[in-house]
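Summary of structural features
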Amino acid sequence: MSDIEGSPGSSMHGVTGRELTFALSVASPIVPTDTTANFDLPVDSEHKAKVFKLFSFANPHMRTFHLSWISFFTCFVSTFAAAPLVPIIRDNLNLKKQDIGNAGVASVSGSIFSRLVMGAVCDLLGPRYGCAFLIMLSAPTVFSMSFVKDAGGYIAVRFMIGFSLATFVSCQYWMSTMFNSKIIGLVNGTAAGWGNMGGGATQLIMPLVYDIIRRVGATPFTAWRIAFFIPGWLHIIMGILVLTLGQDLPDGNLSSLQKKGNVAKDKFGKVLWYAVTNYRTWVFVLLYGYSMGVELSTDNVIAEYFYDRFNLKLHTAGIIAATFGMANLVARPFGGYASDKAAQLFGMRGRLWVLWILQTAGGAFCIWLGRANSLPIAILAMILFSIGAQAACGATFGIIPFISRRSLGIISGLTGAGGNFGSGLTQLIFFSTSRFSTAAGLTWMGVMIVACTLPVSLVHFPQWGSMFLPPSKDITMSTEEHYYSSEWNEDEKKKGMHSASLKFAENSRSERGKRVASTPTPPNTTPTHV
Amino acid sequence: MAPPPLLLCFILVLASFSDTCFAIISFSSLQRTLVVTASHPQRLLKAGEDKITVTWGLNQSFPAGTDSAYKTIKVQLCYAPISQVDRAWRKTHDNLSKDKTCQFKIVKTPYTTTNHTSEWTIERDVPTATYFVRAYALDTQDQQVAYGQNTDAKKTTNLFEIQAITGRHVSLDIASVCFSAFSIVALMGFFFAEKRKGGKAQQ
């Protein structure tokens, strides 16, 4: 599996579908260790790490992991840095509710496009330069908060800062060059979850920085502008660290990334076609908009909500808002773990049920949050809501690798974009208008979460079933091989292009849950000489 | 579940119990017994520069003894209705503990039976908006018992506009440009230096 150079979806090639979303390491017989290599961690034949050693900074694998997630974390900090300071900013810039809401929409919209471009950038320049370019070119956008004097400027700057969220793509891409595909699930999930924590950390950091600057003597309307220098400096520092300490590949060589021209590249048009025509893709685009999307929306509104509704001090509201985003530390991996456990027992049907339960529970708690009239109840509801939504994000990516083998990269990308789109939409409908108070907005957002999670019951895999339907009884249709090779036409199958899909299909039989042992052998996979 | 959020939740629950409870005071129950006037330059006022002179006193047409409970006078700068549109964080509530109309304190002094005047320089954290002045009479428990304001009941007369400071500074702008330039130059520097090194190695 050495097609590293970034044909569409190649960053996810090698994901066999059998890796637990929570696997910490892969043992030797399954993936042989390259004993000639001289790294701190055991590596495979491509020198990708087979073990995920969290508290190590060993070059290059774990160092890459830490550089990567911290860069993504920094971009989350700067994208949501304005949110806890809105009570000050709205007075300085004379903002109305629509302006605040529009700025929130703008902050998550930019990255829909920048994430798509980032894939191409990583292909051309490698993930290290992709990450460094983005993070250092978006530093000026963070600093330009000093110049903002009205609603238009504020919205424009938040839009530009939001582009930096595309570091998600460079982060995941970079992980896949450094870690073996059997543990890439956990690695990517942890990196994504910890990066998302930045949305929570910023609610703590920014009011604290603002307070310190005020004590030193600045007036409020100047202090918040100075506070933005902190995320700006973080961008520069992380950019320099990535450039000086990072490397694209375990062996350190960028040019080899571009030299391996022997692998048959898949056609972008075809890959896109199979992603777009699979209805499951769109169900998950919608669903992720109501797990990740509502998480981003809440990051933008929750501090101001607590400040206004319960008359708290700015930094108290910030602390409470921070717990929402910081739950990502464990909630997202927990979702992946729950998905895996359900798959062991009930197969894919279990994964679908777990996702539905977690995301609907999140929606219910969001409704409770909007209706809570006392501070302790509101905090409890918010924490439960955060766990539900973030675990649902983790559970979503427990299912995504199985939707398609050929178009996995694009489907992941579309799902991610769906998250941002969902966030923009909910902020536009519920938090940009004076028709609803923020409390009512939260309640209605909860209702929308519950409603938009229902389509997961429509996701049906012929070989595994769906939430309410068992797998197909038809002998050919009920095989994993049939499902995954249906993405290739006869010509391509003749060329053997679907061989990786077949291997994936075989490995994905674990998604039958406890029924694996009792599956009938499909007729055309039995060798002629037994 | 992560322990820290739960612990925080627990602490906050305890903290909330430490609030003392007051009876709900509604604005409509207060009598307008004070006469308040505010004088200022007749133009757009600038925060941080211009002064407002506020005068207040008991309306003599009320019977003697009306002010027996008044211990302190708190004079505040309040938002006019036009500045409350689409801004729920400035909303007027009848329940005074929820009311957000008056967010800036001009002066708080002990009550005197004679008329009192105070000059106030507009603070630099006052936002751009249209305002009026209101004075609350407080009793020994710091609860509102009466009020007076320089505008009418519908809050349409004697309003004045204040222009906030921008919060921007030339030094801040320059620092911003410098750091931005540094970021771009550093990036380009690294990129081209590595390209040149890579080119040399290949030769």
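With an unreviewed UniProt entry as reference, chain B is termed High-affinity nitrate transporter, source organism Hibiscus sabdariffa. Checking UniProt for chain B, the heading Function (unreviewed entry) contains the comment "Involved in nitrate transport." Check the Sequence similarities (unreviewed entry) section of the UniProt entry for chain B; it says "Belongs to the NAR2 family."

You'll find chain A entered in an unreviewed UniProt entry as Major facilitator superfamily (MFS) profile domain-containing protein, with Hibiscus sabdariffa given as the organism. Taken verbatim from the UniProt record of chain A, the Sequence similarities (unreviewed entry) comment is "Belongs to the major facilitator superfamily. Nitrate/nitrite porter (TC 2.A.1.8) family." Per its UniProt entry, chain A bears the Subcellular location (unreviewed entry) comment "Membrane".

Time to look at the overall build of chain A. Secondary structure assignment for chain A yields 24 helices and 0 strands. Here chain A, with 530 residues, has 63% of them falling under the buried criterion. Sequence separation of 24 or more characterises 78% of the internal contacts of chain A that already satisfy a separation of 6 or more. Carbon and sulfur atoms make up 66% of the accessible area of chain A, which totals about 19300 Å².

The helix and strand tally for chain B stands at 2 helices and 10 strands. Buried positions account for 41% of the 203 residues belonging to chain B. Put simply, 73% of the contacts in chain B that link residues at least 6 apart link residues at least 24 apart. Of the roughly 11400 Å² of accessible surface on chain B, a fraction of 59% belongs to carbon and sulfur atoms.

Let's shift gears to the nonpolar core. By size, the foremost hydrophobic cluster in this structure holds 40 residues, and its most contacted members are F52, F65, M136, F179 and V187 of chain A. Of all elements in the fold, only α1 (61–79), α4 (127–137), α5 (139–143), α7 (167–178), α8 (184–196) and α11 (229–245) of chain A together with α2 (170–202) of chain B reach the threshold of two or more residues within this core. No other element matches the 7 residues that α1 of chain A contributes to this core. Not counting chain neighbours up to four residues away, the residues in contact with M136 of chain A comprise H235, I236, G239, I240 and L243 of chain A together with S183, A186 and L187 of chain B. Grouped together as the second largest cluster of nonpolar side chains are 33 residues, Y290, A378, I387 and M445 of chain A included.

Residues and elements named next belong to chain B. Strand order in the open sheet formed by 3 strands is β2-β4-β7, and the pairing between neighbours is antiparallel. The two strands at the open ends of the sheet, each matched to only one other strand, are β2 (34–39) and β7 (116–121). Mean inter-strand twist for the sheet, computed between neighbouring axes without regard to direction, equals 20 degrees. Two elements, β2 and strand β4 (residues 51–58), share 6 bridges in a ladder whose sense is antiparallel. Across the sheet, the residue bridging to T37 is T55, located in β4.

All told, the structure shown has 1 disulfide over all chains when counted by the stated rule. Residue pairing for C78 of chain B: its cysteine sulfur links by disulfide to C102 of chain B, the two sulfurs lying 2.1 Å apart. Its S-S torsion of about 100 degrees marks the bond between C78 of chain B and C102 of chain B as right-handed, since a negative value means left-handed. Here C102 of chain B lies in strand β6 (residues 102–110) and C78 of chain B lies in strand β5 (residues 72–79), a separation of 24 residues in the sequence. The burial state of C78 of chain B is the same as that of C102 of chain B; both residues are buried. Here C171 of chain A is not cross-linked by a disulfide; its sulfur's nearest cysteine counterpart is in C131 of chain A, at 7.7 Å. Taking relative accessible area as the criterion, C171 of chain A reaches 1% and is therefore assigned buried. No disulfide involves C366 of chain A; its nearest neighbouring cysteine sulfur is the one of C452 of chain A, lying 12 Å away.

Let us now look at the packing of aromatic side chains. All names here are of chain A. In total, this model carries 34 aromatic pairs over all chains according to the counting rule given. Here the aromatic residues F402, F461, W464, Y483 and Y484 are joined through ring pairs into a cluster of three or more. Lying over the aromatic face of W488, R406 brings its terminal NZ or CZ to 3.8 Å of the ring centre.

If you look at the interface, chain A gives 52 residues, while chain B gives 43 residues. Note on chain A versus chain B: buried area summed over both sides is about 4100 Å², and carbon and sulfur give 69% of it. Ranking the residues of chain A by area buried against chain B places D91, F147 and F221 of chain A at the top, with a combined share of 13%. Here chain A is connected to chain B by 2 salt bridges. Two residues, R90 of chain B and D91 of chain A, come together in a salt bridge whose shortest N-O distance is 3.1 Å.

Further remarks concern the environment of F504 of chain A. Mapping F504 of chain A onto the fold places it in helix α24 (residues 499–507). The sequence separation of F504 of chain A and M178 of chain A amounts to 326 residues, and the corresponding C-alpha distance is 21 Å.

Here we take up the pairing of β4 of chain B. Here is the key point about a regular strand: its side chains alternate between the two faces of the sheet. Summarising the sheet, β4 of chain B and β7 of chain B pair through 6 bridges and their orientation is antiparallel. When the sheet's bridge partners are listed, V54 of chain B is paired in β7 of chain B with S118 of chain B.

This part covers the packing of helix α16 (residues 314–326) of chain A against helix α19 (residues 375–399) of chain A. Residue and element names in this part refer to chain A. Packing of α16 against α19 brings their axes to within 8 Å, and their N-to-C directions diverge by 20 degrees. Overall, the two elements α16 and α19 adopt an arrangement that is roughly parallel. Between α16 and α19 lies a crossing of right-handed hand. Here I320, T323, F324 and G325 of α16 come into contact with α19, specifically with L375, I379, M382, I383, F385, S386 and Q390.

Attention now goes to unusual backbone geometry. Phi is positive for N94 of chain A, which is not a glycine, with a value near 55 degrees. Tracing the chain through its elements places N94 of chain A in the loop between α2 (86–92) and α3 (97–125).

The next thing to look at is α4 of chain A. Burial within α4 of chain A is extensive, with 10 of its 11 residues counted as buried. If you check which residues of α4 of chain A are buried, you get P127, R128, Y129, G130, C131, A132, F133, L134, I135 and M136 of chain A.

Procedures and definitions
- Residues numbered from 1 in each chain as written.
- Chains lettered and ligands numbered in written order.
- Predicted model: local features only at pLDDT ≥ 70, side-chain atom pairs only at ≥ 80, totals over all residues.
- Heavy atoms only, no water.
- UniProt positions renumbered as here; feature names shortened; annotations may be inferred.
- Helix = DSSP H or I, 4+ residues; strand = E, 2+ residues; numbered from the N terminus.
- Buried < 20%, exposed > 50% of the residue type's maximum accessible area, 1.4 Å probe, protein only.
- Contact = heavy atoms within 4.5 Å.
- Areas by Shrake-Rupley, 256 points an atom, 1.4 Å probe, with all protein chains shown as cover.
- Core = buried A, V, L, I, M, F, W, Y, C linked by side-chain atoms within 4.5 Å.
- Pairing = 2+ DSSP bridges.
- Axes fitted to C-alpha atoms, helices over the stretch in contact; angles between N-to-C directions.
- Disulfide = S-S within 2.5 Å.
- Phe/Tyr/Trp six-rings, centres within 6.5 Å; stacked < 30°, edge-to-face > 60°.
- Lys NZ or Arg CZ within 6 Å of the ring centre and 35° of its normal.
- Buried area = accessible area lost by both parts, 1.4 Å probe.
- Salt bridge = Lys/Arg side-chain N within 4 Å of Asp/Glu carboxyl O.
- Parallel < 35°, antiparallel > 145°, perpendicular 65-115°, else oblique.
- Left-handed = near helix turned anticlockwise from the far one by under 90°.

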